[in-house]
Amino acid sequence: MWILKLLIAFPLLAFFIVFLVQNNEIVPLWPLTNMEWFPVERVGTSIVYFVLFCLGYFFGRLSAWSAYAPVRALLRQQKKENKALSKEHAKLNHEHEVLNQQITSLQEAEKQAKANAPTFGQRIKGWFSSKQDNDE
């Protein structure tokens, strides 16, 4: 984007400089000709154009800055919301990790219980052996 701005700005600036160099006449400053307090009555055209160009640039930047104010306010609001959501995400991520650890420990406990539990055949043998032990 900045390259596009430069490609547009440099030719315009070059044209403006050539225009100022070519039009360097001495002209009266129309609104200030009869003012006793203003020391200069006549000035070069290039100086007038340059001052007007600088004033236009300054007021254009000021206008752009003021037009961009609602967008800046919206960006600040979204930054605050993003910060709050990031905190909530971190908290939920921590809770998720804790729950995953609990699930893992429960699964391991279940595996150990299954490993220690007698098989179906052992249970049946246990039933018959305990009946035989009780009968004797």
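Analysis parameters
Residues numbered from 1 in each chain as written. Predicted model: local features only at pLDDT ≥ 70, side-chain atom pairs only at ≥ 80, totals over all residues. Heavy atoms only, no water. Helix = DSSP H or I, 4+ residues; strand = E, 2+ residues; numbered from the N terminus. Buried < 20%, exposed > 50% of the residue type's maximum accessible area, 1.4 Å probe, protein only. Contact = heavy atoms within 4.5 Å. Areas by Shrake-Rupley, 256 points an atom, 1.4 Å probe, with all protein chains shown as cover. Phe/Tyr/Trp six-rings, centres within 6.5 Å; stacked < 30°, edge-to-face > 60°. Axes fitted to C-alpha atoms, helices over the stretch in contact; angles between N-to-C directions. Parallel < 35°, antiparallel > 145°, perpendicular 65-115°, else oblique. Nonpolar A, V, L, I, M, F, W, Y, C, P; charged D, E, K, R; others polar. pLDDT = per-residue confidence, 0-100. Salt bridge = Lys/Arg side-chain N within 4 Å of Asp/Glu carboxyl O.

A.B. asks: Teacher, can you tell me more about the overall build of the chain here?
C.D. replies: Counting its secondary structure elements, the chain contains four helices and two strands. Helices and strands appear in the chain in the N-to-C order α-β-β-α-α-α. Within the chain, the fraction of its 136 residues that count as buried is 5%. Contacts spanning at least 24 positions in sequence make up 21% of the contacts within the chain whose residues lie at least 6 apart. Looking at the chain as shown, the accessible area adds up to about 12,600 Å², and 65% of this sits on carbon and sulfur atoms.

A.B. asks: I'm lost on the packing of aromatic side chains in this one. Help?
C.D. replies: Taken as a whole and assessed by the stated rule, the structure comprises three aromatic pairs. Between Phe19 and Tyr49, the ring centres sit 5.3 Å apart and the planes meet at 45°, which makes this aromatic pair tilted. Of this pair, Phe19 sits in helix H1 (residues 2-22) while Tyr49 sits in helix H2 (residues 45-67), and the two are 30 residues apart along the sequence. Judged by relative accessible area, which is 32%, Phe19 ranks as partly exposed. With centroids separated by 5.4 Å and ring planes inclined at 65°, the aromatic side chains of Phe58 and Phe59 adopt a geometry described as edge-to-face. The partly exposed category is assigned to Phe58, whose relative accessible area is 48%. You can call Phe59 partly exposed: its relative accessible area is 49%.

A.B. asks: Explain the side chain of Thr45 here, please?
C.D. replies: Here Thr45 shows up in helix H2. Contact partners of Thr45, with chain neighbours within four places excluded, come to Asn23, Asn24, Glu25 and Val27.

A.B. asks: Explain the packing of H1 against H2 here, please?
C.D. replies: Any two packed helices are characterised by the angle at which their axes cross and by the distance between the axes. Close contact between H1 and H2 brings their axes to 8 Å; oriented N to C, the two are set at 150°. The orientation of H1 with respect to H2, classified from their angle, is roughly antiparallel. Residues Phe16, Phe19 and Leu20 of H1 form the contact with H2, whose own contacting residues are Ser46, Tyr49, Phe50 and Phe53. For the contact of H1 with H2, the per-class residue count stands at six nonpolar, one polar and no charged.

A.B. asks: What am I meant to see in the confidence of the model for the chain here?
C.D. replies: Here the chain shows a mean pLDDT of 85. Residues at 70 or above account for 88%. Mean pLDDT across the secondary structure elements of the chain bottoms out at helix H4 (residues 120-135), with 69, and peaks at helix H3 (residues 69-116), with 94.

A.B. asks: Looking at this structure, how should I read the pattern of salt bridges?
C.D. replies: Opposite charge on two side chains allows them to pair when their charged atoms are near. This structure, assessed with the given rule, holds one salt bridge. Where Glu110 meets Lys114, a salt bridge forms, and the shortest distance between an N and an O atom there is 3.7 Å. Here Glu110 pairs with Lys114, and both are found in helix H3, just four residues apart, close to one helical turn.

A.B. asks: Can you walk me through the environment of Pro28 in this structure?
C.D. replies: With respect to the element layout, Pro28 can be found in strand S1 (residues 26-28). The partly exposed category is assigned to Pro28, whose relative accessible area is 45%. Placed 13 residues apart in sequence, Pro28 and Glu41 show a C-alpha to C-alpha distance of 5.7 Å.

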